[in-house]
Amino acid sequence: GVGMTPVTPGHSTFPIDSVHYKGNFKLRKGVRGTQTIKDNQIVLRYVKNTGGSYNVYGKGTNEMGTFDLVGTLILQGRTSGQMQLYRMYPPPPASAAPPPGTSSAPAPAGGGAA
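Note that this is a predicted model, so its numbers are computed, not measured.

**So, a nonpolar patch on the surface**
Logical step 1: On the surface, a nonpolar cluster with roughly 250 Å² of combined accessible area is contributed by Leu27, Met64 and Tyr89.
Logical step 2: Checked against the element boundaries, Met64 lands in the loop between strand 4 (54-62) and strand 5 (65-75).
Logical step 3: Among the residues examined, Met64 registers a relative accessible area of 46% and is labelled partly exposed.

Quick look at the structure:
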């Protein structure tokens, strides 16, 4: 993992890098239903960019797996702002592919009788 040390509020100004963020989202199920997916842990790190806002990087876990977070924070005053984050789940492991020697590729072309 990346060495991220959380900064306590007494020693920093907003925004604060931390391993203690919480989150959730609603997953649509069927036509009208939704399921709330709660995150078990979210770690966020803020890096000031040349535009005066912050690039946000992080990781989290929930019942769907581990995900990376990337986004931006635009400050609105000294203690608040608007943040937009995107979750990215890694692709399934390669073990989901068929084992070697069981290729479903078509037979080579050009070898038939005419």
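**A closer look at the packing of aromatic side chains**
Logical step 1: By the definition in use, this model includes three aromatic pairs.
Logical step 2: Ring geometry for Tyr21 and Tyr46: centres 6.4 Å apart, planes at 65 degrees, overall edge-to-face. Here Tyr46 lies in strand 3 (residues 33-48) and Tyr21 lies in strand 1 (residues 18-21), a separation of 25 residues in the sequence.
Logical step 3: In this structure Tyr21 comes out as partly exposed when scored by relative accessible area, which is 27%.
Logical step 4: On the numbers, 6.5 Å between centres and 90 degrees between planes, the contact of Tyr46 with Tyr54 is edge-to-face.
Logical step 5: Exposure remark for Tyr54: the relative accessible area of 13% places this residue in the buried category.
Logical step 6: Taken together, the ring pairs in this structure connect Tyr21, Tyr46 and Tyr54 into an aromatic cluster.

**With respect to the confidence of the model for the protein**
Logical step 1: For the protein, the average pLDDT comes to 81, and 72% of its residues sit at 70 or higher.
Logical step 2: Contacts of residues 1-11 to residues separated by more than four positions or lying in other chains number nine contacts, the stretch itself having pLDDT below 50.

**Some details on the nonpolar core**
Taken as a class, soluble globular proteins show a tendency for nonpolar side chains to be buried jointly.
Logical step 1: Membership of the largest hydrophobic core is limited to eight residues, which are Ile42, Leu44, Tyr46, Tyr54, Val56, Phe67, Leu69 and Leu73.
Logical step 2: Listed by contribution, the elements that provide at least two residues to this core are strand 3, strand 4 and strand 5.
Logical step 3: Leaving out residues up to four positions away in the same chain, Leu44 has contacts with Asp17, Ser18, Tyr21, Val56, Tyr57, Gly58, Leu69, Met83 and Leu85.

**Brief notes about the environment of Lys26**
Logical step 1: Looking at the element boundaries, Lys26 is found in strand 2 (residues 24-29).
Logical step 2: By relative accessible area, Lys26 is classed as exposed at 57%.
Logical step 3: Along the chain, Lys26 and Thr36 lie 10 residues apart, while their C-alpha atoms are 4.4 Å from each other.
Logical step 4: Setting aside chain neighbours within four positions, we find Lys26 in contact with Thr34, Gln35 and Thr36.
Logical step 5: Side-chain polar atoms of Lys26 contact the side chain of Thr36, separated by 3.0 Å.

**Some details on the pairing of strand 4**
Logical step 1: Every second residue of strand 4 is oriented toward a common face, the buried set being Tyr54, Val56, Gly58, Gly60 and Asn62 and the non-buried set Asn55, Tyr57, Lys59 and Thr61.
Logical step 2: Relative to strand 4, strand 3 runs antiparallel, the two sharing nine bridges. Paired with Leu44 across the bridge in strand 4 is Gly58.
Logical step 3: With antiparallel pairing between neighbouring strands as the criterion, strand 3 and strand 4 make up a hairpin whose turn holds five residues, including Gly52 at a positive phi of roughly 90 degrees.
Logical step 4: In this structure, strand 4 lies alongside strand 5, joined through nine bridges in antiparallel fashion. When the sheet's bridge partners are listed, Asn55 is paired in strand 5 with Thr72.

Procedures and definitions
Residues numbered from 1 in each chain as written. Predicted model: local features only at pLDDT ≥ 70, side-chain atom pairs only at ≥ 80, totals over all residues. Heavy atoms only, no water. Patch = residues over 30% accessible without salt bridge, like charges linked within 9 Å, V, L, I, M, F, W, Y side chains within 5 Å. Areas by Shrake-Rupley, 256 points an atom, 1.4 Å probe, with all protein chains shown as cover. Salt bridge = Lys/Arg side-chain N within 4 Å of Asp/Glu carboxyl O. Helix = DSSP H or I, 4+ residues; strand = E, 2+ residues; numbered from the N terminus. Buried < 20%, exposed > 50% of the residue type's maximum accessible area, 1.4 Å probe, protein only. Phe/Tyr/Trp six-rings, centres within 6.5 Å; stacked < 30°, edge-to-face > 60°. pLDDT = per-residue confidence, 0-100. Contact = heavy atoms within 4.5 Å. Core = buried A, V, L, I, M, F, W, Y, C linked by side-chain atoms within 4.5 Å. Polar contact = N/O pair within 3.5 Å; in protein donor to acceptor, adjacent residues only side chain to side chain. Pairing = 2+ DSSP bridges.

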